[in-house]
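# Observations on chain architecture
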Amino acid sequence: MLLTNPWISSTAIKFPRPFLKPVFQSHAQKVPSGESSKSIEQLSALYSECVRAGVDRKSAVIALGGGVIGDLAGFLAASFLRGVQLIQIPTTLLAMVDSAVGGKTGINLKEGKNLVGAFHQPSLVLCDTDVLKTLPPRELTAGLAEVIKYGVIKDAPLFEYLEKNSDAIKTGSADALKHIIAQSCGIKAAVVSADEFEAGERAILNFGHTLAHAIEKVAGYGAYLHGEAVGIGMVYAARLSVREKGLNQKSADRIEALIARAGLPVQAPELDWAKLRAAIGVDKKNTGGLPRFVLAEKIGRVVFGCPVSEQTMKEVWYAGR
Ligand code: GLY
């Protein structure tokens, strides 16, 4: 993480005007990797570091790292001095296509993930596909889950591109990675621009996530990477969609095949349905207390806020095992 102060160097002003260059004071702060860094203690240490470094309202926080750093540094930027600018430089595929875009920032409490946070839009998101060369293959694969999600929710041509180019993507082709990152960021930016604070449409970004969050919780955080749980959640959502929204079986099969081809899991038979169901919880806005899902009508079009009966949720879970 870098804390920077825009500042004109006193040496620079000795040069004629055309050579006057702004110089940035910067202050780097490393944060340990892992979800445990999204804590109130880590945030408090960073506030103190900001005070020591002389961060002011003209400063910017640069989040250089994966999703944990983006969320933590983002909330630091949102809250310190009532808000300073934020620049996101994501270094994982998941962060490039999802968490660095859209302004969600936050930390965890012992009671649950992301319970404290703010919407704070970055001034710039800078993605460099070269950094993905250092990413462990499992992390790259996990990031692909969110890219597949964009194809299902909004972009059938992106879905077809992924079907045709999954090998090139897995072997790290720069052209293929640039294409899918640009498409994904574009879709996310459009969805967030239409509904920044998640009053409605932004919920479509949660396709596959209702079950995914439950899987992460029941399996124990870290057992499944977020993207892996989303892969299983999307296969489940596609199967629910066949029953509830008339998604044709061939499209559901294509979704499952693409997720499997990407190298992601498509089921988690070791997990107990009763525990998953309890972790999914209820949607208090929905009469009857049923959870709501994002379901697909076809590849490229989804609807959000769909209640599904207890019986169907359970049957579809067992049908997929
Ligand atoms: N990751 C979902 C969202 O940003 O709304």
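Calculation notes
- Each chain has its residues counted from 1, following the order in which its sequence is written.
- For a predicted model such as this one, the threshold for reporting local features is a pLDDT of at least 70, and the threshold for listing and counting side-chain atom pairs is 80 or more; totals across whole chains, interfaces and linings nevertheless cover every residue.
- Excluded from the side-chain calculation are hydrogens and water; included are all heavy atoms of the structure.
- Runs of H or I in DSSP of at least four residues are treated as helices and runs of E of at least two as strands, each being numbered from the N terminus.
- Each radius of gyration is computed over the set of C-alpha atoms, and the globule rule expresses the reference value as 2.2 Å times the number of residues to the power 0.38.
- Three labels apply to residues, based on accessible area from a 1.4 Å probe with only protein chains included: buried if under 20% of the type maximum, exposed if over 50%, partly exposed otherwise in between.
- By the convention used here, residues are in contact when the closest approach between their heavy atoms is within 4.5 Å.
- To measure how exposed things are, a 1.4 Å probe is used in the Shrake-Rupley method; for residues, cover is taken only from the protein chains shown.
- We treat Lys and Arg as the positive residues and Asp and Glu as the negative residues; His and chain ends play no part in the count.
- By convention, the point assigned to a charge is CZ for Arg, NZ for Lys, CD for Glu and CG for Asp.
- Near residues are defined by distance, with any heavy atom within 4 Å of the molecule or strand qualifying the residue.
- Pairs of N or O atoms within 3.5 Å make up the polar contacts considered here, provided that, within protein, one atom can donate a hydrogen while the other can accept it, and that residues adjacent in sequence are counted only when both atoms are side-chain atoms.
- We call Asp, Glu, Lys and Arg charged. Ala, Val, Leu, Ile, Met, Phe, Trp, Tyr, Cys and Pro are nonpolar, and the rest, Gly among them, are polar.
- Cysteine sulfurs are considered disulfide-paired once they come within 2.5 Å of each other.
- Interaxial angle, 0 to 180 degrees, is taken between N-to-C directions of lines fitted to C-alpha atoms, where a helix line uses only the stretch in contact.
- Crossings are classed by handedness, with left-handed meaning an anticlockwise turn of the near helix from the far one by less than a right angle and right-handed meaning a clockwise turn.
- Only when DSSP finds a minimum of two bridges between them are two strands counted as paired.
- When the strands point away from the viewer and the connection leading from the first strand across the helix to the second strand turns clockwise, the crossover is called right-handed.
- These descriptions rest on fixed angle ranges, namely under 35 degrees for roughly parallel, over 145 for roughly antiparallel, 65 to 115 for roughly perpendicular, and the rest for oblique.
- Expected span, for any helix, means 1.5 Å times one less than how many residues it has.
- Aromatic contacts are taken between Phe, Tyr and Trp rings whose centres are within 6.5 Å, Trp giving its six-membered ring; a plane angle under 30 degrees counts as stacked, one over 60 as edge-to-face, and the others as tilted.
- Any Lys NZ or Arg CZ that is within 6 Å of a ring centre and within 35 degrees of that ring's normal is treated as a charge sitting over the ring.

## Some details on the overall build of the chain
For the chain, the count of helices and strands is 11 helices and 9 strands. A compact globule built from 321 residues should have a C-alpha radius of gyration of about 20 Å, and the chain, at 21 Å, falls within 12% of that. Its C-alpha atoms give the chain principal-axis dimensions of about 75 × 40 × 35 Å. Every one of the 321 residues in the chain was classed for burial, and the buried ones make up 47%. When contacts within the chain are restricted to residue pairs at least 6 apart in sequence, those whose partners lie at least 24 apart make up 69%. Per element, the accessible surface of the chain, about 15,400 Å² overall, is 56% carbon and sulfur. Of note, the chain has its 37 positive side-chain charges centred 4 Å away from the centre of its 31 negative side-chain charges.

## A few points about the site of the ligand
Taken together, D98, K104, K188, R202 and L205 are the residues near the ligand. The side chain of K104 places a nitrogen or oxygen atom 3.0 Å from an oxygen atom of the ligand. R202 is positioned such that a nitrogen or oxygen atom in its side chain is 2.7 Å from an oxygen atom of the ligand. Protein burial of the ligand: of its 200 Å² of free accessible surface, 87% is covered by the chains. Partitioned by chemical class, the residues of the shell around the ligand number 1 nonpolar, no polar and 4 charged.

## Describing the state of the cysteines
Using the criterion set out here, one finds 0 disulfides in the structure. No disulfide involves C127; its sulfur sits 4.7 Å from the nearest other cysteine sulfur, which is in C185. You can call C185 buried: its relative accessible area is 17%.

## Quick word on the packing of helix α7 (residues 209–219) against helix α10 (residues 273–280)
Relative placement of two packed helices is described by the angle separating their axes and the distance separating the axes. At their nearest, the axes of α7 and α10 sit 8 Å apart, and the two run at 115 degrees to each other. As for the relative orientation of α7 and α10, their crossing is right-handed in sense. Residues T210, L211, A214, I215, K217 and V218 of α7 touch α10, and the partners they reach there are W273, K275, L276, A279 and I280.

## A word on the pairing of strand β3 (residues 60–65)
Successive side chains on a regular strand alternate, one facing one side of the sheet and the next facing the other. Buried residues dominate β3, accounting for 5 of its 6 residues. Across 6 bridges, the pairing between β3 and strand β4 (residues 85–90) is parallel. Of the residues in β4, the one forming a bridge with G65 is P90. Handedness of the crossover is the feature at issue here: the chain leaves β3, passes through helix α2 (residues 67–79), returns alongside β4, and the resulting connection is right-handed.

## As for the packing of helix α8 (residues 226–245) against helix α9 (residues 249–261)
Following both chains from N to C, one finds α8 and α9 inclined at 175 degrees, their axes separated by 9 Å at the closest point. As the angle between them shows, α8 and α9 are arranged roughly antiparallel. Contact with α8, carried on its side by G231, M234, V235, A238, R239 and V242, involves Q249, A252, I255, E256 and I259 of α9 and no other residues of that element. A per-class count over the contact of α8 with α9 returns 7 nonpolar, 2 polar and 2 charged.

## Some points on helix α6 (residues 174–194)
For α6, spanning 21 residues, the distance from its first C-alpha to its last is 30 Å, which sits close to the expected 30 Å at 1.5 Å a residue. Looking at the buried positions of α6, the neighbouring elements they touch are α3 (93–99), α4 (137–154) and α5 (156–170).

## Things to note about the side chain of S39
Note on placement: S39 falls in the loop between β2 (22–28) and α1 (40–53). Once you skip the residues sitting within four places of it in the chain, S39 turns out to touch L72, I107 and N108.

## Observations regarding the packing of aromatic side chains
Tallying each qualifying case throughout the model produces 6 aromatic pairs. Ring geometry for F119 versus F197: centroids 5.2 Å apart, planes at 85 degrees, classification edge-to-face. Here F119, found in strand β6 (residues 112–119), pairs with F197, found in the loop between α6 and α7; they are 78 residues apart in sequence, far enough to count as distant. Using a relative accessible area of 53% as the deciding quantity, one classes F197 as exposed. A connected cluster of aromatic rings, assembled from ring pairs, spans Y236, W273, F293 and W317. Its guanidinium or amino end placed over the ring of Y150, K149 lies 4.8 Å from that ring's centre, counting from NZ or CZ.

Shape descriptors only; they carry no functional weight alone.
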